[in-house]
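What follows is each chain in one-letter form.
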Amino acid sequence: ISNGLMELPRSAEGQALTYSLEKKPYMETSFGIENIFKVLRVDLVHRLSYLDNPNVAKSVAVRFRMKFDF
């Protein structure tokens, strides 16, 4: 903490690991299949914005969710 402000994380080389959203929104789209075995959902997620930031994650990912309802 410097001057009462929390500093954002940096790599060992001092490169920023987080970025501001500037003036455009973060956008992603996804579609998935729900109710697999009544507990599982699988989504394919595609990132639409901020693809040019250094060390950005892949623009397509798979997301799993487990949910138990009683």
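Scroll up to find the structure this text is about.
Residues numbered from 1 in each chain as written. Predicted model: local features only at pLDDT ≥ 70, side-chain atom pairs only at ≥ 80, totals over all residues. Heavy atoms only, no water.

1. Here's the deal with the layout of surface pockets
What counts is decided by this rule: Lining residues are those with an atom within 4 Å of a point, where the points come from a 1 Å grid over the protein atoms alone and group into cavities, where a 1.4 Å probe fits but cannot get out, or pockets, open sets with protein on both sides within 12 Å along at least five of seven lines. Grid points are joined across faces, edges and corners, and a volume is the space filled by probe spheres set on the points.
Within this model, the largest pocket holds a volume of roughly 160 Å³. In terms of lining, the largest pocket is formed by Ala 16, Leu 17, Tyr 19, Ser 20, Leu 21, Tyr 26, Arg 47, Tyr 50, Asn 53, Pro 54, Asn 55 and Val 56.

2. Let's talk about the pattern of salt bridges
Test applied: We define a salt bridge as a contact between a side-chain nitrogen of Lys or Arg and a carboxyl oxygen of Asp or Glu at a distance within 4 Å. Any residue under 20% of the maximum accessible area for its type is buried, any over 50% is exposed, and the rest in between are partly exposed; the area is computed with a 1.4 Å probe on protein chains only.
Evaluated as defined, the whole model comprises three salt bridges. Arg 41 is paired through a salt bridge with Glu 34; the nearest N and O atoms lie 2.7 Å apart. Between Asp 43 and Arg 41 there is a salt bridge whose closest N-O contact spans 2.9 Å. Residue Asp 43 is classed as buried on the basis of its relative accessible area, which comes to 8%. One connected set of salt bridges, linked through shared partners, spans Glu 34, Arg 41 and Asp 43.

Remember that the coordinates give geometry; whether it matters functionally is a separate question.
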